[in-house]
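# Geometric and topological summary
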Amino acid sequence: MSTATNNTVSRWALVGHGVFADSFGCLTLREFPCLIGRRTGVTLQISHLTVSGSHAEIRFNDGQMILNDLGSRNGTFINGKRAREHEVLHEGDLIQFGE
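## Considering the environment of Thr 50
Mapped onto the fold, Thr 50 is located in the loop between strand S6 (44-45) and strand S7 (56-61). Note: C-alpha distance between Thr 50 and Arg 73 (23 residues apart in sequence) is 7.8 Å. Separated by 2.9 Å, the side chains of Thr 50 and His 48 make a polar contact. A polar contact of 3.0 Å, which involves the side chain of Thr 50, links it to the backbone nitrogen of Glu 99.

So, in structure tokens, the structure goes:
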């Protein structure tokens, strides 16, 4: 489904859902690690009060997409369940950052 070369991966994307669908659109993930948070300088900046400055990170490791919550206050969720460290992502997973 995806290929890795020079620390990049093709055909992986985050798609906005719910209230973020119009403003977020679709972001193709090309460089890893992908740092997600509210602060300036992260790979994916989400300006929402429930998103921490450095909220979560997505890595591509040994052919798998790995999500790590970075100790965020309001959590990261995969398909409605709170994510911990080293959660493997699968096609179609719904990821939520904060509340």
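## Structural notes on the confidence of the model for the protein
Overall, the predicted model of the protein reaches an average pLDDT of 83, with 80% of residues at or above 70. At the level of individual helices and strands, the protein shows its lowest average pLDDT in strand S1 (residues 4-5), which scores 43, and its highest in strand S10 (residues 81-82), which scores 96. Segment residues 1-9 is flagged for pLDDT under 50; beyond a separation of four residues in sequence, or across chains, it makes 22 contacts in the model.

## Overview of the sheet that holds strand S9 (residues 76-78)
Pairing within the open sheet is antiparallel, and its three strands lie in the order S10-S9-S12. Two strands close off the open sheet at either side, each with one partner strand: S10 and strand S12 (95-97). Across two bridges, the pairing between S9 and S10 is antiparallel. Within the sheet, the bridge partner assigned to Phe 77 lies in S10 and is Arg 82.

## Digging into the side chain of Thr 50
Residue classification places Thr 50 among the buried residues on the basis of a relative accessible area of 14%. If we skip the residues at most four places from it in the chain, Thr 50 touches His 55, Asn 74, Phe 97, Gly 98 and Glu 99.

## Points about the pattern of salt bridges
Taken as a whole and judged by the stated rule, the model has one salt bridge. The residue Glu 57 makes a salt bridge to Arg 59 at a minimum N-O spacing of 2.9 Å. Among the residues examined, Glu 57 registers a relative accessible area of 14% and is labelled buried. Given the relative accessible area of 38%, Arg 59 is considered partly exposed.

Rules used throughout
Residues numbered from 1 in each chain as written. Predicted model: local features only at pLDDT ≥ 70, side-chain atom pairs only at ≥ 80, totals over all residues. Heavy atoms only, no water. Helix = DSSP H or I, 4+ residues; strand = E, 2+ residues; numbered from the N terminus. Polar contact = N/O pair within 3.5 Å; in protein donor to acceptor, adjacent residues only side chain to side chain. pLDDT = per-residue confidence, 0-100. Contact = heavy atoms within 4.5 Å. Pairing = 2+ DSSP bridges. Buried < 20%, exposed > 50% of the residue type's maximum accessible area, 1.4 Å probe, protein only. Salt bridge = Lys/Arg side-chain N within 4 Å of Asp/Glu carboxyl O.

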